[in-house]
Amino acid sequence: MGVTVASIFWILLDVAGAYTRSSTGYGVEKFESRFGDLRNGLTPQMTFGYVSDNRPDDPSDQAEFYLTQYTLVPALVTTSAAPAGVIANMHAATPDMNALRARNLVCFRNFGNGIFLCRNMSVR
Amino acid sequence: MSLLYLALFCLAGIGLVRFLLPFELKPSLHAALAVSVGAGAGLGIASSLYFLCLTLAGPKLAVIFPVEGVFVAGAIALGWVAKPKGPDLRWADGPAAPWFLTALAGAAAVLGLVFFVMHSANKPHGEWDAWSIWNLHARFLYRSGDLWKNAFSPQISWSHPDYPVLIPGLISLAWSLARGETTLAPIVVAFVYTFASAGVLIAIVGVLRGRTQALVAGALLLGTVEFVQIGAMQYADVPLSFYILATVAMLCLQDRFPDDPRYTLLAGLSAGFAAWTKNEGLMFVVVVIVARAIALLRFGSMPRLLKQLGAMAAGLAFPLAITAYFKLRFAPPNDLTSTRPVDIIAHASDFGRWVTVLQSFGKEALFFGQMAVEGELVRGFLIPISLVLLLYWFLVRFRVEEQNRSAVATVAIAVGLMLAGDFAVYVLLPNDVNWQLTTSLDRIFLQLWPAGLLAFFLATDAPQLAVKRAAEKSKQARQSAKPQRRAAETR
């Protein structure tokens with residue numbers, strides 16, 4: 001019993017410290033606010049593609065894709081750039097638009113936080 | 001408003017349990033058990049009815065509201081008119097619990113509560129599995145209108161759309177009735193399951209073994225930071241562990257009061273909701289029936305077993321029918337169960353996989369409770385809990401009374417078979433067994449932790465009684481040694 005109570009108290013201190021120090025992690029609210037008013041007017045009939053400038057082996061790449069889907073429900077989000085509308089999730093201070101253009105993506109809306117809505121020009 | 005509806009569902013479940021196991025409307029152990037079991041039962045029934053409404057009429061509030069309303073009003077009315085009769089569940093006879101034990105259990109409960117609140121305030125959307133599976137599905141059900149089936153779309157196969165719908169359905173239901181999303185709904189659902197599990201454990205151990213054992217068991221559960229953490233992370237493992245515990249707890253009571261089949265009826269209902277919560281719950285339904293059959297054939301009788309199987313089938317019928325309907329009609333193929341037979345044979349004949357899984361099970365058993373806080377691995381207990389339990393057992397030893405034998409056997413066999421089943425799943429099914437073990441084994445143990453604690457504290461002797469018995473034994477040994485010594489001296 002003593003061990004249990006001491007353990008939980010010890011860990012509580014650890015956790016409190018970790019939460020106050022923490023600046024990383026997948027803050028859902030912060031992530032959702034990046035999408036701004038794109039979240040309004042979404043319908044369940046919509047399907048978006050998704051591209052990102054994260055390296056594919058970066059663990060946050062998968063998490064950010066999942067969070068994008070979580071944020072944009074009821075629309076469906078797929079990992080490909082094939083749908084007509086594609087979400088670009090960019091992190092660089094000056095996003096590489098040429099890389100997007102090389103994939104036939106033309107961004108027509110900038111949400112100001114590295115989130116762009118692009119049109120896939122190869123889809124008619 | 002979401003919270004009000006969730007509270008009403010819990011109240012309806014409590015009413016239903018009061019109808020089945022009537023108790024006086026005053027604070028008591030009986031009431032604590034009924035409230036804890038009833039809260040989970042109410043949430044399970046509400047979720048099942050919501051899914052039924054969705055499938056039959058779509059997301060129409062004009063249908064959902066009256067259906068849920070009839071359930072809530074009917075169950076509360078049944079509970080209200082129930083007259084206390086039948087056995088009154090009280091603390092088992094035994095030595096009074098020392099004050100410091102009560103204080104330590106209280107401290108563990110308060111610290112667990114603080115930890116839960118702190119975690120939920122920091123991460124109101126929960127963690128990875130919450131926003132990539134459970135709350136994601138809830139959002140699809142709530143936001144998609146007539147296209148609610150998008151929650152099970154193969155396009156989001158990474159979010160396991162084949163997983164049962166108890167938790168997402170419940171959250172979506174609360175949002176639908178309140179006409180607005182709030183993160184408080186999943187937080188409250190997680191809170192109810194986490195702390196109701198402690199309520200069930202303390203109450204059932206209190207009824208069967210007494211106050212001291214109950215306080216130690218409850219403190220150990222709430223002191224398992226990983227249990228409270230996974231609960232606050234809004235994962236479905238804690239709700240599943242609740243239903244597993246409630247099932248075996250009701251079966252233990254059935255053994256104490258063998259003529260009243262209502263306990264097994266409630267056990268069946270809980271087992272069904274375990275299947276409606278997570279895929280592992282489906283395995284639990286099979287396992288608990290087998291465990292019960294083995295225990296009763298060994299310590300009971302065939303007629304008793306047949307009678308209980310009938311009551312269990314009656315309890316299982318509704319939630320299992322809903323689960324089967326979902327699995328057959330809506331769920332896409334599961335990534336594990338769609339493994340090809342040829343791969344299963346290849347996995348089974350791979351000796352390395354057996355060793356890997358065995359090693360991981362051994363490590364998890366020893367270091368159970370480890371957890372990650374903001375990406376850093378933290379030891380859950382200052383001393384590994386398996387060693388603490390081993391020392392506890394060494395000091396007090398097992399002492400299973402005649403009347404508890406089939407109960408202990410049921411719980412122990414169920415936990416053992418679940419572990420064996422999970423072991424087989426790891427060996428046979430996943431392609432990347434290391435990844436599967438790393439990401440899920442701790443939660444597999446966690447699902448069985450409350451039931452495991454129940455088995456342990458049903459089997460161990462109360463500390464004061466063990467001390468008393470040891471003192472009597474040594475006194476007897478001294479007394480029998482005296483004449484021998486005198487005889488030797490005379491000689």
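None of these values were measured; they are calculated from a predicted model.

Definitions and limits used
Residues numbered from 1 in each chain as written. Chains lettered and ligands numbered in written order. Predicted model: local features only at pLDDT ≥ 70, side-chain atom pairs only at ≥ 80, totals over all residues. Helix = DSSP H or I, 4+ residues; strand = E, 2+ residues; numbered from the N terminus. Contact = placed C-beta atoms within 7 Å. Buried ≥ 20, exposed ≤ 12 C-beta atoms within 10 Å, placed from the backbone. Axes fitted to C-alpha atoms, helices over the stretch in contact; angles between N-to-C directions. Parallel < 35°, antiparallel > 145°, perpendicular 65-115°, else oblique. Left-handed = near helix turned anticlockwise from the far one by under 90°. pLDDT = per-residue confidence, 0-100. Nonpolar A, V, L, I, M, F, W, Y, C, P; charged D, E, K, R; others polar. Expected span 1.5 Å × (residues − 1). Pairing = 2+ DSSP bridges. Core = buried A, V, L, I, M, F, W, Y, C linked by C-beta atoms within 7 Å. Arc of directions from axis to C-beta.

Asker: Would you mind going over the overall build of chain B in detail, with residue names and values included?
Answerer: Counting its regular elements, chain B contains 19 helices and two strands. In terms of overall dimensions, chain B has a C-alpha envelope of 100 × 60 × 50 Å along the principal axes. Sequence-distant contacts, at least 24 apart, represent 81% of the contacts inside chain B between residues at least 6 apart.

Asker: Quick one: what's the story with the overall build of chain A, residue by residue and with numbers?
Answerer: Scanning chain A for helices and strands turns up four helices and five strands. The 124 residues of chain A split such that 29% are buried. Contacts spanning at least 24 positions in sequence make up 67% of the contacts within chain A whose residues lie at least 6 apart.

Asker: Kindly report on the packing of helix α7 (residues 184–209) of chain B against helix α10 (residues 237–256) of chain B, identifying the contributing residues and their values.
Answerer: Residues and elements named next belong to chain B. Axis separation between α7 and α10 bottoms out at 9 Å; the angle between their running directions is 20°. What the angle tells us is that α7 and α10 run roughly parallel. Note on packing geometry: the crossing formed by α7 with α10 is left-handed. Between α7 and α10, the contacting residues are A190, Y193, T194, A196, S197, V200, L201, I204 and L208 on the first element and V238, P239, S241, F242, L245, A246, A249, C252 and R256 on the second.

Asker: Requested: an account of the environment of V427 of chain B, with residues and values cited.
Answerer: Residues and elements named next belong to chain B. Following the sequence through the fold, V427 ends up in helix α17 (residues 405–428). Sequence spacing of V427 and F351 is 76 residues, and the spatial spacing of their C-alpha atoms is 9.6 Å. Once you skip the residues sitting within four places of it in the chain, V427 turns out to touch H347, A348, R353, W354 and V357.

Asker: Outline unusual backbone geometry, listing residues and values.
Answerer: In this model, V73 of chain A is joined to P74 of chain A through a cis peptide bond whose omega is 20°. Note on placement: P74 of chain A falls in the loop between α3 (59–72) and β2 (76–77).

Asker: How would you summarise the confidence of the model for chain B if you had to cite specific residues and measurements?
Answerer: Averaged over every residue, the pLDDT of chain B is 90; the share at 70 or more is 95%. When mean pLDDT is compared element by element in chain B, helix α6 (residues 166–178) of chain B scores highest at 97, while strand β2 (residues 376–378) of chain B scores lowest at 64.

Asker: Give me the lowdown on the packing of helix α12 (residues 279–299) of chain B against α17 of chain B, citing residues and values where you can.
Answerer: Residues and elements named next belong to chain B. Viewed as axis vectors pointing N to C, α12 and α17 meet at an angle of 140°, and their least axial separation amounts to 8 Å. One element, α12, and the other, α17, form an angle in the oblique class. For α12 against α17, the interelement crossing comes out right-handed. Between α12 and α17, the contacting residues are M283, F284, V287, V288, V290, A291, R292, I294, A295, L296, R298 and F299 on the first element and R405, S406, A409, T410, I413, A414, L417, M418 and G421 on the second. A per-class count over the contact of α12 with α17 returns 15 nonpolar, three polar and three charged.

Asker: How would you sum up the confidence of the model for chain A? Please name residues and give values.
Answerer: Chain-level pLDDT for chain A is 82 on average; 82% of the residues reach the 70-or-more range. Between the elements of chain A, mean pLDDT differs from a low of 68, seen in helix α1 (residues 2–21) of chain A, to a high of 94, seen in β2 of chain A.

Asker: Tell me about α7 of chain B, and please be specific about residues and values.
Answerer: Residue and element names in this part refer to chain B. With 26 residues, α7 should reach 38 Å at 1.5 Å per residue; the first-to-last C-alpha distance of 37 Å fits that figure. Burial analysis of α7 places 24 of its 26 residues in the buried class, which makes it a mostly covered element. One or two steps after α7, the chain reaches G210, where phi turns positive at roughly 105°.

Asker: For the pairing of strand β5 (residues 115–120) of chain A, give the residues involved together with the corresponding values.
Answerer: Residues and elements named next belong to chain A. Bridge count for strand β3 (residues 85–89) against β5 is five bridges, and the pairing is antiparallel. If you follow I87 over to β5, its bridge partner there is L117. Alignment of strand β4 (residues 105–110) against β5, held across five bridges, turns out to be antiparallel. Following the sheet pairing, V106 is matched in β5 by R119. A loop of four residues connects β4 with β5, the two strands running antiparallel in sequence, and G112 in this loop sits at a positive phi of about 90°.

Asker: Tell me what's going on with the nonpolar core, and back it up with residues and numbers.
Answerer: Across soluble globular proteins, you tend to see nonpolar side chains buried next to one another. All names here are of chain B. Counting residues in hydrophobic clusters, the biggest one holds 185 residues, and the most contacted among them are L201, I204, V411 and L454. Tallying contributions element by element places α7 first for this core, with 18 residues. Residues contacting L454, with those up to four places away along its chain left out, are L201, I204, V205, L245, V248, A249 and V411.

Asker: Could you give an account of the sheet that holds β2 of chain A, naming the residues involved and the relevant values?
Answerer: The sheet built from five strands is open, its strands ordered β2-β1-β3-β5-β4 (chain A) with mixed pairing. Whereas interior strands pair on both sides, the edge strands pair on one side only; in this sheet they are β2 and β4 of chain A.

Asker: Can you explain the environment of M118 of chain B? Please cite residues and give values.
Answerer: Residues and elements named next belong to chain B. Counting through the fold element by element, M118 comes out in helix α4 (residues 99–122). A count of 15 C-beta atoms within 10 Å places M118 in the partly exposed class. In this structure the C-alpha to C-alpha distance between M118 and K307, which are 189 residues apart in sequence, comes to 47 Å.

Asker: Go over helix α3 (residues 61–81) of chain B, please, and point to the residues and values.
Answerer: Residues that lie three or four places apart on an α-helix share one face, since the helix turns once every 3.6 residues. Residues and elements named next belong to chain B. Look at α3: 29 Å from first C-alpha to last across 21 residues, which is about the 30 Å you get at 1.5 Å a residue. Along α3, the residues that are buried comprise I64, E68, F71, V72, A75, I76 and G79. Buried residues of α3 fall within an arc of 115° about the axis and therefore sit on the same side. Exposed side chains of α3 directed beyond 90 degrees from the buried face belong to A62, P66, G69, V70, W80 and V81. Residues of α3 that are buried make contact with α1 (2–20), α2 (29–57) and α6.

Asker: If you had to explain the environment of R486 of chain B to someone new, which residues and values would you point to?
Answerer: Along the chain, R486 of chain B turns up in helix α19 (residues 463–490). Taking the C-alpha atoms as reference points, R486 of chain B and V355 of chain B, separated by 131 residues in sequence, lie 59 Å from one another.

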